[in-house]
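# Overview (structure and organization)
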Amino acid sequence: MAILVLAAIFFLGPLISAIRFSLEQTNGKDGLGNYTQLLHNAALGGSLVTSLEIAALTTAIMLALMLPTVVWVRLRLPRLALLVESISVLPIVIPPIVMAAGLATLQSHASAGLSNLIFSSPLTALTPVYVILAMPFAYRSLDVGVRAIDLRTLVDAARSLGAGWTTVLGRVILPNVRTAVLTAASLTVALVLAEVVIAETLLYTTYPVELVDTGQAQLGVAVALSVLSLAITWMLLLAISFIGNRGASRARIGRLL
Amino acid sequence: MSAVAVHLDGLTRRFGELIALDELDLDVAPGELVALLGPSGCGKTTALRLLAGFDYPDGGRVKVGGVDITDVPASKRDMGMVFQAYSLFPNMDARTNVEFGLRMRKQPSPERRARAEQVLGLVGLSAHAGHYPHQLSGGQQQRVALARALAIEPSVLLLDEPLSALDARVRAQLRGEIRSVQQRLGITTLFVTHDQAEALSIADRVGVMHEGKLEQIGTPEEVYERPATPFVAEFVGTMNRVAGRLAADGRLEVLGASLKASGPQSRAAGELVEVLVRPEALEAVADPNGHATVAERTFLGSFTRMRVTLDDGSELLIDAASRRGLPEPGVRVSVRATGEDALVSGSAHGLTPAAP
Ligand SMILES: Nc1ncnc2c1ncn2[C@@H]1O[C@H](COP(=O)(O)OP(=O)(O)OP(=O)(O)O)[C@@H](O)[C@H]1O
Ligand SMILES: [Mg+2]
């Protein structure tokens, strides 16, 4: 109980101050001025779309690469599981600024063809980087999910009934590790919506970059923006866990029994 | 669909140093049910997985219906398998589980549904078609798994200890159902188990495995009554080890009886050997001058098992049809062999010939 009260003070205190601060207008009166200003900021909307596109693509690629890898390792190389897991952690260990510097060098020395292909748009330039950055979180949460089901038996059963590997992954494994997939997806989305260092170094204005820039220009608007972002993220996570609970509860209960 | 023969030819599988299967040969006739029986770790599951195509052998070939399928992937082998662990897809209800294999075969939906209803009926679960695995009991889940395996009309049915997670009554009942369905469909079946009673009761032939090899294969009667090796004798049913002396005419003096000796015959007359005798081939009769004492008596329904201590300290198990007047614990008895033959398992080490 005491912990809950403490958490509420630490969490709600700053939140309430932030909301009150965001309602203070430059003319001294309280109002929604900071929020209406946001609606007129086209750059912000544009960057949000860019970041959501990157988030969606990153999540899709991450899942398409990671789920088969995790399944393969658990089925065929169980003894290497620990090794693969520690390799997957590497992106956390390397500081983002190092990665950013490396990519910046590549960007400035790239041939015209490569530049056009990759560096001309934040979508193609940042997505591969974010896939790598998301790897540690994604690998772990998917691995936990896969370990919770009787993977070998389910795979063998599906194979003996005539299923090919894509069917096995899509129809048998995926629905039964749904919660883990949603966790991996939300971690990936959260990462893309928060990463600043690399995007800024490579001179792409993604949503988090825009957020920081706005904050430096107009403090009131920036705080209004964070309040709004928080609300959006909250709703996004609620939606994800709602989908997860509705779809996975059957499977999860089945597994527990 | 006519039944096919299964032929395993010198099948070998190694896991590092460990030889899980050691040149296993096995022939299963069309429509036959062969039970593979053996202790834990003897390679039963490995053999089945190689046959199903989940694993690839280090040596040897797998043939079904005369066709070599060693290199055919599991998804193209057309085998129905029921697993020891619950293997239903948790995200699908019973009917969808059963339809899965038909969906893979691109059968149109109405036919698929009809077939699913039919096989669910076959295993007595029509009423549970809409239930998810977690809403079914263990026995029902294994029934659905059986229905799922049968739905695709497989050429071979593989059962890997499908009943081991169930309680005794459900196990006996489901065992009977599996056998009757198998016979009705005439489907070639391999049934893996480590339960000898299960193997003896369900199979046309029982193959006893030991350390990756087939020790003996024969009808349940053959395996039980004429075990080829001491391992088979002791694994299938219960055995007493007693000392006996070989007589000149190939007969055997054991516990005051003269029996026909089977097993290794390369021994000289007069030699002291170890002999294997079933508990039901011994008889204990109350006798104040006997050389043994009843230590324990356990009523097991139709028969009663007695543990008898001989005066030299060795122990024997003796089964008798349950009736009044069997010797009580503490009573002096004389023990006699009643069978006709007995298996010689080797030289007697430290065994003294038991007096009758
Ligand atoms: N994937 C594997 N890696 C390493 N060793 C294995 C593997 N699968 C099986 N083995 C070993 O091979 C041997 C035979 O295993 P198998 O599963 O065939 O035994 P089993 O007869 O089915 O036993 P049980 O009755 O316990 O199921 C065992 O010693 C086992 O440890
Ligand atoms: Mg096994």
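A few words now on the overall build of chain A. For chain A, the helix and strand inventory stands at 14 helices and 0 strands. Along chain A, helices (α) and strands (β) appear in the sequence α-α-α-α-α-α-α-α-α-α-α-α-α-α when read from the amino end. With respect to the three principal axes, the spread of C-alpha positions in chain A is 75 × 60 × 30 Å. Within chain A, residue pairs in contact and separated by at least 24 positions form 76% of the contacts whose partners lie at least 6 positions apart. Carbon and sulfur atoms provide 73% of the accessible area of chain A, an area that totals close to 13,900 Å². The average position of the 15 basic charges and that of the 11 acidic charges among the side chains of chain A differ by 17 Å.

Next up on the list: the interface of chain B and chain A. With 25 residues of chain B at the interface, the matching set in chain A holds 22 residues. Interface of chain B and chain A: buried area, both sides summed, is about 2,100 Å²; carbon and sulfur atoms make up 64% of it. For Arg49(B), the salt bridge identified is with Asp156(A), shortest N-O distance 2.5 Å. At the junction of chain B with chain A, the criterion picks out 3 residue pairs in polar contact (both at pLDDT 80 or more). Of all elements in the fold, only strand 6 (79-82) and helix 2 (94-104) of chain B reach the threshold of two or more residues within the side of chain B that touches chain A. Among the elements that take part in the side of chain B that touches chain A, helix 2 of chain B stands out by supplying 4 residues, more than any other.

Residue and element names in this part refer to chain B. Neighbouring ligand 1 are the residues Phe15, Leu18, Ala20, Pro39, Ser40, Gly41, Cys42, Gly43, Lys44, Thr45, Thr46 and Glu161. Within the backbone of Gly41, an N or O atom sits 2.8 Å from an oxygen atom of ligand 1. One of the side-chain N or O atoms of Thr45 is found 2.6 Å from an oxygen atom in ligand 1. Within the complex, 61% of the 640 Å² of free accessible area of ligand 1 lies under protein. Of all elements in the fold, only strand 2 (18-28) and helix 1 (44-52) reach the threshold of two or more residues within the shell around ligand 1. Top element by residues in the shell around ligand 1 is helix 1. It accounts for 3 residues.

Residue and element names in this part refer to chain A. The topology assignment puts Ser22 in helix 1 (residues 2-23). Judged by relative accessible area, which is 0%, Ser22 ranks as buried. Among the polar contacts listed, one links the side chain of Ser22 to the backbone oxygen of Ile19, at a separation of 2.7 Å.

As a rule of thumb, nonpolar side chains are buried together in soluble globular proteins. Residue and element names in this part refer to chain B. In terms of nonpolar packing, the biggest core is built from 101 residues, with Leu51, Phe89, Phe100, Leu158 and Leu190 touching the most fellow members. When neighbours within four sequence positions are excluded, Leu190 is seen to be in contact with Leu26, Val28, Val34, Leu36, Leu48, Leu51, Leu157, Leu158 and Leu159. By size, the runner-up hydrophobic cluster in this structure holds 28 residues, among which are Leu255, Val277, Met306 and Ala337.

The next subject is the sheet that holds strand 19 (residues 332-337) of chain B. Residues and elements named next belong to chain B. On the basis of which strands lie adjacent, the open sheet formed by 5 strands has the order 15-19-16-17-18 and antiparallel pairing. Pairing within the sheet leaves two strands with one partner each, and these edge strands are strand 15 (282-286) and strand 18 (315-321). If you compare each strand with its neighbour and ignore which way they point, the axes differ by 40° on average. Of the pairings in the sheet, the one linking strand 16 (residues 292-299) to strand 19 comprises 2 bridges and is antiparallel in character. What sits directly across from Ala292, in strand 19, is Val333.

What follows covers the packing of aromatic side chains. Residues and elements named next belong to chain B. Applying the stated criterion to the full structure yields 4 aromatic pairs over all chains. Each ring, one from Phe89 and one from Phe100, has its centre 4.8 Å from the other, and the planes form 55°; the classification is tilted. With a gap of 11 residues between them, Phe89 in the loop between strand 6 and helix 2 and Phe100 in helix 2 connect regions that are remote in the sequence. Assigned by exposure class, Phe89 and Phe100 land together as buried.

Residue and element names in this part refer to chain B. The element strand 11 (residues 240-246) is extensively covered by neighbouring structure, given that 5 of its 7 residues are classed as buried. With 6 bridges connecting them, strand 11 and strand 14 (residues 272-277) associate as antiparallel partners. Paired with Arg245 across the bridge in strand 14 is Leu272. Alignment of strand 11 against strand 12 (residues 251-254), held across 2 bridges, turns out to be antiparallel. Residue pairing for strand 12: Leu246 is matched across the bridge by Leu252. Between the end of strand 11 and the start of strand 12, which pair antiparallel, lie 4 residues, with Gly250 showing a positive phi angle near 75°.

Residue and element names in this part refer to chain A. It is at 8 Å that the axes of helix 8 (residues 122-148) and helix 11 (residues 178-192) come closest, and there the two elements cross at 160°. Judged by the inter-axis angle, helix 8 sits roughly antiparallel to helix 11. For the element pair helix 8 and helix 11, the recorded crossing hand is right-handed. Contacts from Tyr130, Leu133, Ala134, Phe137, Ala138, Ser141, Leu142 and Gly145 of helix 8 reach helix 11 at Ala180, Val181, Thr183, Ala184, Leu187, Thr188, Leu191 and Val192.

Residues and elements named next belong to chain B. As enumerated under the stated definition, the model contains 23 salt bridges over all chains in all. As a salt-bridge pair, Glu32 and Arg205 come within 2.5 Å of each other at their nearest N and O atoms. Of this pair, Glu32 sits in the loop between strand 2 and strand 3 (33-37) while Arg205 sits in strand 9 (residues 205-210), placing them 173 residues apart in sequence. Residue classification places Glu32 among the buried positions, given a relative accessible area of 11%. Arg205 sits in the partly exposed class, given a relative accessible area of 23%.

Attention shifts here to helix 5 (residues 168-185) of chain B. Residues spaced three or four apart along an α-helix point in a common direction, a consequence of the helix completing one turn every 3.6 residues. Residue and element names in this part refer to chain B. Here helix 5 contains 18 residues, and its C-alpha end-to-end distance of 26 Å stays within 8% of the 26 Å for a straight helix at 1.5 Å per residue. In the core, the buried residues of helix 5 are packed alongside strand 3, helix 3 (109-122), helix 4 (138-151), strand 7 (156-160), strand 8 (188-193) and helix 6 (196-202). Trailing helix 5 by a residue or two, Gly186 shows a phi angle of about 60°, which is positive.

This brings us to the sheet that holds strand 6 of chain B. Adjacent strands of a sheet form backbone hydrogen bonds with each other and so pair up, either parallel or antiparallel. Residues and elements named next belong to chain B. Pairing is mixed across the open sheet formed by 6 strands, whose spatial order is 6-7-8-3-9-10. Of all the strands in the sheet, the pair left with one neighbour each is strand 6 and strand 10 (213-218). On average, each strand axis in the sheet is tilted by 20° relative to the strand beside it, whichever way the strands run. Examined bridge by bridge, strand 3 and strand 9 share 4 bridges and lie parallel to one another.

Thresholds applied
Residues numbered from 1 in each chain as written. Chains lettered and ligands numbered in written order. Predicted model: local features only at pLDDT ≥ 70, side-chain atom pairs only at ≥ 80, totals over all residues. Heavy atoms only, no water. Helix = DSSP H or I, 4+ residues; strand = E, 2+ residues; numbered from the N terminus. Contact = heavy atoms within 4.5 Å. Areas by Shrake-Rupley, 256 points an atom, 1.4 Å probe, with all protein chains shown as cover. Lys, Arg positive; Asp, Glu negative; His and termini not counted. Charge placed at Lys NZ, Arg CZ, Asp CG, Glu CD. Buried area = accessible area lost by both parts, 1.4 Å probe. Salt bridge = Lys/Arg side-chain N within 4 Å of Asp/Glu carboxyl O. Polar contact = N/O pair within 3.5 Å; in protein donor to acceptor, adjacent residues only side chain to side chain. Near = heavy atom within 4 Å. Buried < 20%, exposed > 50% of the residue type's maximum accessible area, 1.4 Å probe, protein only. Core = buried A, V, L, I, M, F, W, Y, C linked by side-chain atoms within 4.5 Å. Pairing = 2+ DSSP bridges. Axes fitted to C-alpha atoms, helices over the stretch in contact; angles between N-to-C directions. Phe/Tyr/Trp six-rings, centres within 6.5 Å; stacked < 30°, edge-to-face > 60°. Parallel < 35°, antiparallel > 145°, perpendicular 65-115°, else oblique. Left-handed = near helix turned anticlockwise from the far one by under 90°. Expected span 1.5 Å × (residues − 1).

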